[in-house]
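Breakdown of the fold
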Amino acid sequence: MLSLTDGGDTLVEATAAGRTATGEIVLERTDHHGRSERVRTFRAGTVTAVYRRGPADGGLYGWLPQPPDGTWWCY
């Protein structure tokens, strides 16, 4: 899930998400052959927060915030 600067949220199903050195948020999906393909890219400055769905402390699934700066990938 992404929070956007226009005040809205968007939910995108993807296998991986990342933040590039330039601040872009990229979302990728792996096809049935194991190849990654880019699903969507958000320009730097259009996203205020990125969350991934995963297990939190205690094992319950929830929206986990990703770092607001620097480069990273989550799967």
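What counts and how
- Residues numbered from 1 in each chain as written.
- Predicted model: local features only at pLDDT ≥ 70, side-chain atom pairs only at ≥ 80, totals over all residues.
- Heavy atoms only, no water.
- Helix = DSSP H or I, 4+ residues; strand = E, 2+ residues; numbered from the N terminus.
- Rg over C-alpha atoms; globule rule 2.2 N^0.38 Å.
- Buried < 20%, exposed > 50% of the residue type's maximum accessible area, 1.4 Å probe, protein only.
- Contact = heavy atoms within 4.5 Å.
- Areas by Shrake-Rupley, 256 points an atom, 1.4 Å probe, with all protein chains shown as cover.
- Lys, Arg positive; Asp, Glu negative; His and termini not counted.
- Charge placed at Lys NZ, Arg CZ, Asp CG, Glu CD.
- Pairing = 2+ DSSP bridges.
- Axes fitted to C-alpha atoms, helices over the stretch in contact; angles between N-to-C directions.

With respect to the overall build of the chain
A count of helical and extended segments in the chain gives zero helices and eight strands. For the chain, the succession of helices and strands along the chain, N to C, is β-β-β-β-β-β-β-β. Against the compact-globule benchmark of 11 Å for 75 residues, the chain has a radius of gyration of 13 Å, which places it among compact chains. Over its C-alpha atoms, taken along the principal directions, the chain stretches across nearly 35 × 35 × 20 Å. Scored against the burial criterion, the 75 residues of the chain give a buried share of 32%. Sequence separation of at least 24 residues holds for 39% of the intrachain contacts in the chain that already meet a minimum separation of 6. Total accessible area on the chain is roughly 5,100 Å²; 49% of this is exposed by carbon and sulfur atoms. Side chains of the chain give 8 positive and 9 negative charges; the mean places of these two sets differ by 2 Å.

Here we look at the sheet that holds strand 5 (residues 36–42)
Strand order in this open sheet of four strands is 5-4-3-8, and the pairing throughout is antiparallel. Sheet topology places strand 5 and strand 8 (72–74) at the edges, where each strand pairs with a single neighbour. Across the sheet, the mean angle separating the axes of adjacent strands is 20° when strand polarity is ignored.

Re the pairing of strand 5
Examined bridge by bridge, strand 4 (residues 25–30) and strand 5 share six bridges and lie antiparallel to one another. Across the sheet, residue L27 finds its bridge partner in strand 5, namely R40. Connecting strand 4 to the next strand, strand 5, in antiparallel fashion are five residues, including G34 with a positive phi near 85°.

Topic: the environment of P55
Take P55: it is sitting in strand 6 (residues 47–55). If near-sequence neighbours (up to four positions away) are discounted, P55 is found in contact with L60, Y61 and L64.

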